[in-house]
Amino acid sequence: MNLSTRVMLNRLTQQCAYKRIVTFSTKTAEHVIENQKEQKKEAPPTTPTPPVNRKPIIPANYRFVYPEFLPDPNVEWRNLVREKLERLDMLDRRKQIDLPEFYVGSVLAVTSSDPHAAGKTSRFVGICINRDRCGLRARFILRNVIDHQGMEVVYELYDPTILKIEVLRLEKRLDDSLFYLRDALPEYSTFDENMEAESLEEGAPVPVNDIKVVLRPRPWLERWERQNLRGVANIDEYLKDKHRLSSAKVQKPWEKYDMMKDYRSSIPEEEQTEIFAEVHTELHALELQRKRNKRKRTFIKPKQLA
Amino acid sequence: MMRSVINQFLGLRLSGNCSVLVTQVRDKGHLSRPRLRNPQWFLRKEITKYNDLMTAENKQFVNEVGTNNFGVPAVIKDSLVKTEAPTANEAVWTPNLRRCGVIARKIGQYPLWLKNGERIRTTLLQIADNHVIKYIPPEEYLPAQVPKVANLHKRGCILVGSETTNPALLTKEYAGIFRNSGVLPKKNLARFIVSPEAQLAPGTPLTVNHFRIGDFVDVRGKTVDHGFQGVVKRHGFKGMPASHGVTKTHRRAGNIGGGGEKGRVWPGTKMPGHMGNRWRIIKGLRVWRINTKYNVMWVQGSSVAGPTGGLVYIYDTILPFRKNKEAPPFPTFYGEPQQDGDDLWYEQLHNFKSESITYENE
Amino acid sequence: MALRILKTVRQVAQPLAVALGGQQTQQLIHTTPACCEIRKLARLRVVDNSDLGKKAMAEGRPPRCIHVYNKRGVGLIGDKVLVAIKGQMKKGILVGLKQKQKPKQPKFDSNNLVLIDDNGSPLGTRIHVPIPTILRTILKEKTLAKGADYTKVLAIASRYV
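Residues numbered from 1 in each chain as written. Chains lettered and ligands numbered in written order. Predicted model: local features only at pLDDT ≥ 70, side-chain atom pairs only at ≥ 80, totals over all residues.

**What about the overall build of chain B?**
What chain B contains, in helices and strands, is 5 helices and 13 strands. Buried residues in chain B amount to 26% of all 362 residues. The long-range share in chain B, meaning contacts at least 24 apart out of those at least 6 apart in sequence, stands at 77%. (Helix = DSSP H or I, 4+ residues; strand = E, 2+ residues; numbered from the N terminus. Buried ≥ 20, exposed ≤ 12 C-beta atoms within 10 Å, placed from the backbone. Contact = placed C-beta atoms within 7 Å.)

Next up, the structure:
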């Protein structure tokens, strides 16, 4: 194989890999990273790929920051007019309340108005263990251990009774959902209610926390050994041969090559650009507004002492 | 029919022997089988497509013209044929009068919230490009299949079309229905039985303003077609155990009746069969919100029959306690819809443009 | 439901070390898939500081629900249940459930119970886990409807979520 064909092949694979987008994953697909690494290794001195002239207006991370703006990929539920109306409603809500960027693994504090509480508001702090659903249905689950009692609360992102969402610690974890925290030792899901918000430098990438949690012994709520979890430390201790065998049986290693499945479970890139082009200006304005507010908040006028 | 001919033939032959032979006819399906008779305005719709031997350029040109003029009509466009404005009917509404309905498409569902913080599920119905095609007065309206409507002989019929389409794809006869209406041929047609006072002139556009927020509507649609299904899916039977000696009867119905005096299958017994693809009317749904720009209305619940993108027909409700108490736009809404772009929200509904919901201390 | 058959008295003091040592301390027989609903024979966790409850929990013999006082037979939050605890029958109120809850209602990792007597006053003096705020509304409504005063349970709560 001569050099030019190799370069071409590489470029082709890269293009193909870029087209395959998983809607709800918060990380860049592994094969993309691998491809990039290979390319770096294999063909450093040849002609560099021509730089893209046109700078994309829409930031590439929008599909991770605002995943709920992408509709459900199920063809039977798609309708362009409905999606547009839904997005308009979402933007209207976002103008009323600051819905910040957060990921599975981030620590959030949600203040919502509650008719049953004494002060008519309630605040819950916890780690986000899952994000799902699209559009106005988008929701997330917070988990915390308070007074040695584990508890979870489901919040809908666009629920108008939510008064404030604060991100106390912005980070990602190794997995797309952290339901295994239910079977982990309680210290892994314990967060102080009076936690101070940790600030992140502007423009810095969101850090990935590679902490490995320690699971309790069986019985578990789910068969975690079948889910290829990366954020679990001691799963092998509790596995017998029969568990390993049965888990090997249900593995589907060919699915990562199934392009049709990928296509069905994701929104194509062109459509994503179209959708985000529609909402980009307003989202960008909201982001700027948020930044301005933050700066205002950081400057605290010193109190005059008598 | 074949059976009756054979019976007669047998009867003739046997009569020569002077003995009486009774042939039992156990099924009477041949007597009351429903025959599909098309409505009186029905004509074949689509033309047979021949290979026109057109050049590629010509074909492209024709397609371009077609899509430019008859592309997917999300919003009512100005009709190409300009007719004089349809005359407004001056009749006064009374509670017993029946208004015209509209044709809509179910375009999806999403949640809305009430002002007390409660979440409700709503279905979005888009009234795409509706025009009145024809009014048939009561004396001329003689349907082949008589609909179940009280005092039919006192009621007229309005033919409504929705979604303008490319006439080049239609037969001459079908396109002829639209000749005197002043609108271009439509993809979908429906008839609505109305009081003569509620008649509408051909060419009248029907928009979402035909209904008001807070009104109740009945929505008729065809349910999702599931095909031939067993009792577990069709009627929610439990099936039988997976093990403990059960063989070959895991998803079957089991017993279908007793013996003795009642030793037969009773009518209405739940059995396997075709599921879905039936007309169903969901009654008394509240209109929560209206968007006049896209002609969309949000109605209560997620039980409107049919798939997303399916056709549904919307009527004023017939439920006695939810019927219109005050006069609706009668016979329909005439005039320009308001163009400020904001939706109309029912008063109990939380508008996303207003502030978050808070509760007061008592 | 899972039946735990304890083979040795030395139980999971250090579960990790035990598991690493390969010593089998407990055997699990799963009879049915896990059912988070509170029906008859569901085991509950007493979360108040009543003597009876504390002893039962410390012995590892948690109370069992033997009746649910509603028409559905499945206990929801704020429902009164009858439990068998240390050979006695006591009534209690469910103050936290493992089941899926509506948005904004907390879902707990255990099924929590507060023991009460027939008048609705609790046997303990403190609840040592958070309880959901919706209980305030539910128990107030029940107090009006049923006659017994359940709001005393709210008074001993340490914290609301």
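**Considerations on the interface of chain C and chain A**
Listed as interface residues are 21 residues of chain C and, on the opposing side, 24 residues of chain A. Elements that contribute at least two residues to the side of chain C that touches chain A include exactly α1 (15–21), β7 (106–108) and α3 (134–146) of chain C. Looking at the side of chain C that touches chain A residue by residue, the classes come out as 13 nonpolar, 3 polar and 5 charged. (Nonpolar A, V, L, I, M, F, W, Y, C, P; charged D, E, K, R; others polar.)

**Remarks on the interface of chain B and chain A**
The partner chain A presents 23 residues to the 24 residues of chain B that form the contact. Of all elements in the fold, only β1 (102–113) and β2 (119–126) of chain B reach the threshold of two or more residues within the side of chain B that touches chain A. For the side of chain B that touches chain A, the leading source of residues is β1(B), giving 5 residues.

**Some thoughts on the sheet that holds strand β4 (residues 149–156) of chain A**
One open sheet holds the 6 strands; their spatial order is β5(A)-β1(A)-β2(A)-β3(A)-β4(A)-β7(C), and the pairing between them is antiparallel. In this open sheet, the two strands that pair with only one neighbour each are β5 (162–169) of chain A together with β7 of chain C. Averaged over all neighbouring strand pairs, the angle between strand axes comes to 35 degrees, with direction disregarded. Here 3 bridges tie β4(A) to β7(C), and the two strands are oriented antiparallel to one another. Bridge pairing in β7(C) links A:Val153 to C:Pro106. (Pairing = 2+ DSSP bridges. Axes fitted to C-alpha atoms, helices over the stretch in contact; angles between N-to-C directions.)

**Focus on the environment of B:Arg289**
All names here are of chain B. Mapped onto the secondary structure, Arg 289 falls in strand β10 (residues 279–291). For Arg 289, a count of 20 C-beta atoms within 10 Å corresponds to the buried category. Contacts of Arg 289, omitting those with residues within four sequence positions, involve Leu 112, Ile 213, Trp 298, Asp 343, Leu 344, Trp 345, Tyr 346 and Leu 349.

**Here we look at the confidence of the model for chain B**
Do not read the predicted coordinates in detail wherever pLDDT is low. All names here are of chain B. Overall, the prediction assigns chain B a mean pLDDT of 84, with 82% of residues at 70 or greater. When mean pLDDT is compared element by element in chain B, β2 scores highest at 97, while helix α1 (residues 2–15) scores lowest at 45. The model gives residues 1–18 a pLDDT under 50, and that stretch makes 5 contacts with residues more than four places away or in other chains. Note that residues 73–83 has pLDDT below 50 and, in this model, 20 contacts with residues that lie over four places away or in other chains. Two summary scores accompany this predicted model of the complex, namely pTM at 0.81 and ipTM at 0.81. (pLDDT = per-residue confidence, 0-100.)

**Overview of the confidence of the model for chain A**
Residues and elements named next belong to chain A. Here chain A shows a mean pLDDT of 84. Residues at 70 or above account for 79%. No element of chain A has a lower mean pLDDT than helix α1 (residues 3–19), which averages 48, and none a higher one than strand β3 (residues 139–146), which averages 97. Predicted confidence is poor over residues 15–33, with pLDDT under 50, and the contacts of this stretch with residues over four places away or in other chains come to 27 contacts. The low-confidence segment residues 39–48, where pLDDT is below 50, has 9 contacts with residues more than four positions distant or belonging to other chains.

**Focus on the nonpolar core**
Counting residues in hydrophobic clusters, the biggest one holds 70 residues, and the most contacted among them are A:Cys128, A:Leu142, A:Tyr180, C:Leu94, C:Val95, C:Leu113 and C:Val114. Here A:Tyr180 is in contact with A:Val213, A:Leu215, A:Trp224, A:Leu229 and A:Val232, once residues within four sequence places are set aside. Counting residues in each nonpolar core, the second largest holds 51 residues, with B:Val102, B:Val194, B:Leu285 and B:Val296 among its members. (Core = buried A, V, L, I, M, F, W, Y, C linked by C-beta atoms within 7 Å.)

**A few points about the sheet that holds strand β8 (residues 112–116) of chain C**
Residue and element names in this part refer to chain C. Pairing is mixed across the open sheet formed by 5 strands, whose spatial order is β3-β8-β6-β5-β4. The strands lining the two open edges of the sheet, one partner per strand, are β3 (45–46) and β4 (64–68). Sheet topology note: the β3/β8 ladder contains 2 bridges and is parallel. Note on β8: the bridge partner recorded for Arg 45 is Asn 112.

**Focus on the environment of A:Ile58**
All names here are of chain A. Structurally, the position occupied by Ile 58 is in the loop between α2 (30–42) and α3 (62–65). On the neighbour-count criterion, Ile 58 (17 C-beta atoms within 10 Å) is partly exposed. For the pair Ile 58 and Val 279, spaced 221 residues apart in the sequence, the C-alpha separation amounts to 9.9 Å. Look past the residues within four positions of Ile 58 in its chain and what remains in contact with it is Thr 273, Phe 276, Ala 277 and His 280.

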